[in-house]
Amino acid sequence: MQFSPACERNKLPILQLLRDWLPANARVLEVGSGSGQHAVFFCQQLAGLQWQPSDRADYLLGLAERIALEGQAGLAPGANLAAPLELDVDRAEQWPRQRYQAVFSANTTHIMAAASVPQLLAGAAAVLETGGLLLLYGPFHDGDQPTAATNAAFDAHLRSLDPTMGVRDALAIRSQALSHGLVPVADVAMPANNRTLIFRRVDGVAAGLVAGLPAGSF
Ligand SMILES: C[S@@+](CC[C@H](N)C(=O)[O-])C[C@H]1O[C@@H](n2cnc3c(N)ncnc32)[C@H](O)[C@@H]1O
């Protein structure tokens, strides 16, 4: 099983954010669950939560192991943690056919290729119910300007490892999201210069109306 020290540091602030934003008994699809620590922790803390973890094939075995070991006992009342799905955002056929009230993804947009981020947005829009939320946690730049020295250094480190990785531009993500009917509703500052970008799925007609709005119009 994988273990992420970062998950241990950020899980409490993210939990507080989920308490503030998710509806009761929310049905949530998590994209890029990684070690599964977030999935287990949130289901231990939030009564009634219905959480669907997922990741690419490489991560699936370790993720499934954690969910099997830690995800069945000790959950909050009424919470359910499903066996993980294989989901690479670039593979349209892997997106579930089911609808969710929220899609959550932490620390994924800087790891996936830049070209995959619009696929994440399009897939999330397709599986969200009208009114549902997309929550993207992680470091982001604004207009390609680093919002903190630590994020600039992290970006350089990622690109030195693999030029397809890198901290993404929140303004570009908002603009791409709008084209899929995902309206930016909040940009929440999180510890260690991270943020959570929150979007709400609007219906087709409304999506057409909002598509022309400037990215920072929320
Ligand atoms: C740094 S890990 C974050 C894992 C976990 N969410 C966390 O916060 O600890 C990045 C995750 O993004 C996932 N990822 C990268 N590219 C992806 C893609 N194309 N589709 C789905 N997940 C992807 C990786 O498999 C990995 O689980």
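The following refers to the structure shown. These numbers were taken from a predicted model, which means no experiment stands behind them.

This paragraph deals with unusual backbone geometry. Phi is positive for Ala192, which is not a glycine, with a value near 60°. As for its placement among the helices and strands, Ala192 is situated in the loop between strand 10 (182-190) and strand 11 (194-201). The exposure class of Ala192 is exposed, given its relative accessible area of 62%. In the Ramachandran plot, Asn193 falls in the positive-phi region, its phi being about 60° despite a non-glycine side chain. Counting through the fold element by element, Asn193 comes out in the loop between strand 10 and strand 11.

Now for the side chain of Asp169. Along the chain, the position of Asp169 falls in strand 9 (residues 168-169). Here Asp169 is buried and forms no salt bridge, its nearest opposite-charge partner Arg174 lying at an N-O distance of 7.1 Å. A distance of 2.6 Å separates a polar atom in the side chain of Asp169 from the backbone nitrogen of Gly143. Look past the residues within four positions of Asp169 in its chain and what remains in contact with it is His141, Asp142, Gly143 and Asp144.

The subject of this paragraph is the site of the ligand. Neighbouring the ligand are 18 residues; Gly32, Asp55, Asp88, Val89 and Ala106 lie closest to it. At 2.7 Å, a backbone N or O of Gly32 approaches a nitrogen atom of the ligand. Contact with the protein chains covers 90% of the free accessible surface of the ligand, which is 590 Å². Classifying every residue of the shell around the ligand gives 7 nonpolar, 7 polar and 4 charged.

This part is about the packing of helix 1 (residues 5-21) against helix 2 (residues 37-45). Packing of helix 1 against helix 2 brings their axes to within 10 Å, and their N-to-C directions diverge by 45°. By the angle between their axes, helix 1 is oblique relative to helix 2. Handedness of the crossing formed by helix 1 with helix 2: right-handed. Of the residues in helix 2, those in contact with Cys7, Glu8, Asn10, Lys11, Leu12, Ile14, Leu15, Leu18 and Arg19 of helix 1 are Gln37, His38, Phe41, Phe42 and Gln45. Per-class residue counts for the contact of helix 1 with helix 2 are 7 nonpolar, 4 polar and 3 charged.

With that settled, the discussion passes to the packing of aromatic side chains. Within the structure shown, the criterion is met by 4 aromatic pairs. A centroid spacing of 5.8 Å and a plane angle of 90° characterise the contact between Phe42 and Phe104, whose relative ring orientation is edge-to-face. Highlighted residues: Phe42 in helix 2 and Phe104 in strand 6 (residues 100-106), separated in sequence by 62 residues. When its relative accessible area of 0% is taken as the criterion, Phe42 is described as buried. Taking relative accessible area as the criterion, Phe104 reaches 1% and is therefore assigned buried.

All right, on to the environment of Val127 then. Secondary-structure assignment places Val127 in helix 4 (residues 117-127). Separated by 66 residues in the primary sequence, Val127 and Asn193 place their C-alpha atoms 29 Å from one another. When neighbours within four sequence positions are excluded, Val127 is seen to be in contact with Leu29, Trp95, Pro96, Gln98, Arg99, Tyr100 and Val103.

The rules behind these values
- Residues numbered from 1 in each chain as written.
- Predicted model: local features only at pLDDT ≥ 70, side-chain atom pairs only at ≥ 80, totals over all residues.
- Heavy atoms only, no water.
- Helix = DSSP H or I, 4+ residues; strand = E, 2+ residues; numbered from the N terminus.
- Buried < 20%, exposed > 50% of the residue type's maximum accessible area, 1.4 Å probe, protein only.
- Lys, Arg positive; Asp, Glu negative; His and termini not counted.
- Salt bridge = Lys/Arg side-chain N within 4 Å of Asp/Glu carboxyl O.
- Polar contact = N/O pair within 3.5 Å; in protein donor to acceptor, adjacent residues only side chain to side chain.
- Contact = heavy atoms within 4.5 Å.
- Near = heavy atom within 4 Å.
- Areas by Shrake-Rupley, 256 points an atom, 1.4 Å probe, with all protein chains shown as cover.
- Nonpolar A, V, L, I, M, F, W, Y, C, P; charged D, E, K, R; others polar.
- Axes fitted to C-alpha atoms, helices over the stretch in contact; angles between N-to-C directions.
- Parallel < 35°, antiparallel > 145°, perpendicular 65-115°, else oblique.
- Left-handed = near helix turned anticlockwise from the far one by under 90°.
- Phe/Tyr/Trp six-rings, centres within 6.5 Å; stacked < 30°, edge-to-face > 60°.

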